[in-house]
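A look at the structure
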Amino acid sequence: MIDEQDVRYWQQTKQSIIDYAKEIGIDKIGFASADPFLTLKERLMEHREKGYESGFEEPDLEKRTHPDLLLDGARSLISIALAYPSKLENPPKSEPGAYRGILCRAAWGTDYHHVLRDKLDKLAKFIAELEPGAKIESMVDTGALSDRAVAERAGVGFVGKNCAVITPEFGSWVYLGELLTNLPLPTDQPIEEGCGDCNICVDACPTGALVQGGQLNAQRCIAFLTQVKNFIPDEFRGKIGNRLYGCDTCQTVCPKNRRINSNHHPEFQPDPETAKPLLIPLLEMSNKEFKEKFGLSSSSWRGKKPIQRNAILALAHFKDRTAIPHLSRLLANDPRPVIRGTAAWALGKIGGAEAEAALLRAQELEQDAEVQDEIAKGMSLLAKQEKQEKQDRQPEAK
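Every residue gets a number counted from 1 within its own chain, in the order that chain's sequence is written. Side-chain atom pairs in this predicted model are given and counted only at pLDDT of 80 or more, local residue features only at pLDDT of at least 70, and totals for whole chains, interfaces and linings cover all residues. Water and hydrogen atoms were dropped before computing side-chain values, which therefore reflect all heavy atoms in the structure.

**Some details on the overall build of the chain**
Helix and strand labels come from DSSP, where a helix needs a run of H or I of at least four residues and a strand needs a run of E of at least two; each type is numbered from the N terminus. Scanning the chain from N- to C-terminus turns up 17 helices and 10 strands. Projected onto its principal axes, the C-alpha coordinates of the chain cover approximately 90 × 45 × 40 Å. The rule is simple: take the accessible area with a 1.4 Å probe, protein chains only, and divide by the maximum for that residue type; under 20% is buried, over 50% is exposed, in between is partly exposed. Relative to its full complement of 398 residues, the chain shows a buried share of 52%. Whether two residues touch is decided by their heavy atoms; if any such pair falls within 4.5 Å, the residues are in contact. Here the contacts in the chain between residues at least 6 apart in sequence split such that 77% fall between residues at least 24 apart. Only the protein chains shown count as cover for residues, and the accessible areas themselves come from Shrake-Rupley with a 1.4 Å probe. A total of about 19,400 Å² of accessible surface is found on the chain, and carbon and sulfur atoms cover 49% of it.

**Observations regarding the packing of helix α15 (residues 337–350) against helix α17 (residues 369–393)**
Across the interface, α15 lies against α17 with an axial gap of 7 Å and an inter-helix angle of 5 degrees. Between α15 and α17, the interaxial angle falls into the category roughly parallel. Along the contact surface, α15 presents Pro-337, Arg-340, Gly-341, Ala-344, Trp-345, Gly-348, Lys-349 and Ile-350, while α17 presents Val-371, Glu-374, Ile-375, Lys-377, Gly-378, Leu-381, Leu-382 and Gln-385. Partitioned by chemical class, the residues of the contact of α15 with α17 number 8 nonpolar, 4 polar and 4 charged. Between N-to-C directions, angles span 0 to 180 degrees; the directions come from axes that are lines fitted to C-alpha atoms, helices contributing only their stretch in contact. Working definition: roughly parallel below 35 degrees, roughly antiparallel above 145 degrees, roughly perpendicular at 65 to 115 degrees, and oblique for all remaining angles. Only Asp, Glu, Lys and Arg are considered charged in this grouping, and only Ala, Val, Leu, Ile, Met, Phe, Trp, Tyr, Cys and Pro are considered nonpolar; every other residue, Gly among them, is considered polar.

**Structural notes on the sheet that holds strand β7 (residues 174–181)**
DSSP calls a pair of strands paired once it identifies at least 2 bridges connecting them. Taken together, the 4 strands give an open sheet; going across it, the order is β1-β2-β7-β4, and neighbouring strands pair in antiparallel fashion. A single partner strand is all that each edge strand has here, and the edge strands are β1 (28–33) and β4 (136–139). When the angles between neighbouring strand axes are averaged without regard to direction, this sheet yields 20 degrees. Looking at chain direction, β1 and strand β2 (residues 76–83) are connected through 6 bridges and run antiparallel. Looking at β2, one finds that Phe-31 is bridged to Ile-78.

**Details of the layout of surface pockets**
Both site types are read off a 1 Å grid over the protein atoms alone. A 1.4 Å probe that fits but cannot get out defines a cavity, while an open set with protein on both sides within 12 Å along at least five of seven lines defines a pocket; lining residues have an atom within 4 Å of a point. Grid points are joined across faces, edges and corners, and a volume is the space filled by probe spheres set on the points. As a volume, the second largest pocket reaches approximately 230 Å³. In terms of lining residues, the second largest pocket is bounded by 16 residues, among which Ile-102, Leu-103, Arg-105, Arg-243 and Asp-248 are the most central. Counting only elements with at least two residues in the lining of the second largest pocket, the list comes to β3 (102–103), β10 (243–245) and α9 (249–252). Each residue belonging to the lining of the second largest pocket can be placed in one class, and the counts come to 8 nonpolar, 4 polar and 4 charged.

**A closer look at the nonpolar core**
The biggest cluster of nonpolar side chains holds 90 residues, and the ones touching the most others in it are Ile-29, Leu-123, Leu-327 and Leu-331. In contact with Leu-327, not counting residues within four places along its chain, are Leu-283, Ile-312, Ala-343, Ala-346, Leu-347 and Ile-350. Residues Phe-37, Leu-77, Met-139 and Val-156 belong to the second largest nonpolar core, which totals 23 residues. Nonpolar core, defined: a set of buried Ala, Val, Leu, Ile, Met, Phe, Trp, Tyr and Cys residues in which side-chain atoms within 4.5 Å join the residues together.

**Some details on helix α1 (residues 4–23)**
The first and last C-alpha atoms of α1 sit 29 Å apart over 20 residues, in line with the 28 Å expected at 1.5 Å per residue. Structurally, α1 contributes buried residues whose contacts are with β1 and α4 (112–130). In the segment just after α1, Gly-25 is the residue with positive phi, at about 90 degrees. One less than the number of residues in a helix, times 1.5 Å, gives the span that helix is expected to have.

**Regarding the packing of aromatic side chains**
Ring geometry is summarised as follows: Phe, Tyr and Trp rings, the Trp one being its six-membered ring, pair when their centres sit within 6.5 Å, and such pairs are stacked at plane angles under 30 degrees, edge-to-face over 60 and tilted between the two. Scanning all chains against the criterion turns up 8 aromatic pairs. Their ring planes at 5 degrees and their centres at 4.3 Å tell us that Tyr-20 and Phe-126 sit as a pair that is stacked. Taken as a pair, Tyr-20 in helix α1 and Phe-126 in helix α4 lie far apart in primary sequence, 106 residues in all. The pair Tyr-20 / Phe-126 is uniform in exposure class, with both members buried. Aromatic ring contacts, followed pair by pair, group Tyr-84, Tyr-112, Trp-173, Tyr-175 and Phe-268 into a single cluster. The residue whose ring lies beneath Arg-237 is Trp-345, and the NZ or CZ to ring-centre distance is 5.3 Å. Cation placement over rings: the criterion is NZ of Lys or CZ of Arg within 6 Å of the ring centroid and within 35° of the ring normal.

**Quick word on the side chain of Lys-276**
Counting through the fold element by element, Lys-276 comes out in the loop between α10 (272–275) and α11 (280–283). Although Lys-276 lies buried, it forms no salt bridge, and the closest oppositely charged side chain, Glu-273, sits 9.6 Å away as judged by the N-O distance. A polar atom in the side chain of Lys-276 sits 3.0 Å from the backbone oxygen of Pro-92. Every residue in contact with Lys-276, bar those within four places of it in the chain, is listed here: Leu-88, Pro-91, Pro-92, Ser-94, Arg-100, Gly-101 and Ile-102. When charges are counted, Lys and Arg are positive and Asp and Glu negative, with His and the chain ends excluded. One side-chain nitrogen of Lys or Arg within 4 Å of one carboxyl oxygen of Asp or Glu is enough to make a salt bridge. Two N or O atoms form a polar contact when they lie within 3.5 Å of each other; inside protein one atom must be a possible hydrogen donor and the other a possible acceptor, and for residues adjacent in sequence the pair counts only when both atoms belong to side chains.

**A closer look at the environment of Cys-221**
Tracing the chain through its elements places Cys-221 in the loop between β9 (215–216) and α7 (222–225). Remark: the alpha-carbon pair of Cys-221 and Tyr-52, spanning 169 residues in sequence, is separated by 9.7 Å. When near neighbours in sequence (up to four residues on either side) are disregarded, Cys-221 contacts Thr-207, Ala-209 and Leu-216.

**Considerations on the pattern of salt bridges**
If charged atoms from side chains of opposite charge come close, those side chains can pair. Per the counting criterion, the structure on display carries 19 salt bridges. A salt bridge links Lys-41 to Glu-62; the nearest nitrogen and oxygen atoms lie 2.3 Å apart. You can see Lys-41 sitting in helix α2 (residues 38–49) and its partner Glu-62 sitting in helix α3 (residues 61–65), a full 21 residues away along the chain. Judged by relative accessible area, which is 32%, Glu-62 ranks as partly exposed. One salt bridge in this structure joins Lys-377 and Glu-374, with 2.9 Å as the shortest N-O distance. Highlighted residues: Lys-377 and Glu-374, both in helix α17, separated by 3 residues, approximately one helical turn. Through salt bridges that share partners, Asp-234, Arg-237, Glu-374 and Lys-377 make up one connected network.

Below you can see the structure in the form of structure tokens.
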């Protein structure tokens, strides 16, 4: 027998939580059961077998799919979403001699981990005051559970073919977090919507990382590749473009995101000079300068090396000859093999006599085998360019 009084009590408790969430600036909130995510577990196992994981995930699949392993007696999941901007107001121009890189939109404002944690901590404190016996566990991004799976079950949005949670109000431009609790809160219905026949994001992905709708090979995803600390594989270097951190392509092309720009959270408002910084000043930036410029952004979590390496690739993408002296200095003096090697490759890509001289000097002095490989790649790129230029100069045969 269902106790009607009990049902009413927990419904009122849930409503109080919803009201408070709105009060503290949470844009969406949904409630779900803490039952195991059995279908997700099958998908994750397949994902692992195919080598699609990024390596940043929680390795224990049981913890990722069984909430009760993370909180004893877990009965409910509370998913929250905060919307962030998709448009940069008055963006600075990228132009010859002053080329710029770009951070993905999720890294434009204050690091969302801090903002979400603060909201979840306030929400958890409020729930504990409502129900002194409540057990509560808070998670943001780095938690074991899949934020997207929780949000989907809680009716916050549906998971699109681009693997992002798409909400009716804010599109996929949302940060996600969740609470686990032992309280028996009434659940919400998942959104019965999907992408239908639309395949725009899958077709638009620069590296073919969206293997099929809703399945991502993280090893090919530019958002992942921009964060690794080693050399980026050759096949992806030309695809990075001027991206310094993350990639938004599969979101910017999504019809569900059209004309959506949520700028009501001041903490997520971007500084255009941080969101779209000049590339050359990044190359020899000190740790202190890096912290001052990017310290508040989620892009700083991997340190400065990946962003500097990506800035080198961006200068190669633009074939910026004004960067050659800077790249030559990096190749000769930087203590990090990844930076020296990427600079060598970029010099070959940009081309010209000055670049060739720098590569020849490095070829004689470089001790690291990987960097020597990159110098050889740079020389090969130069040779191809010279051959092409020679062909272009030859008059057409009559």
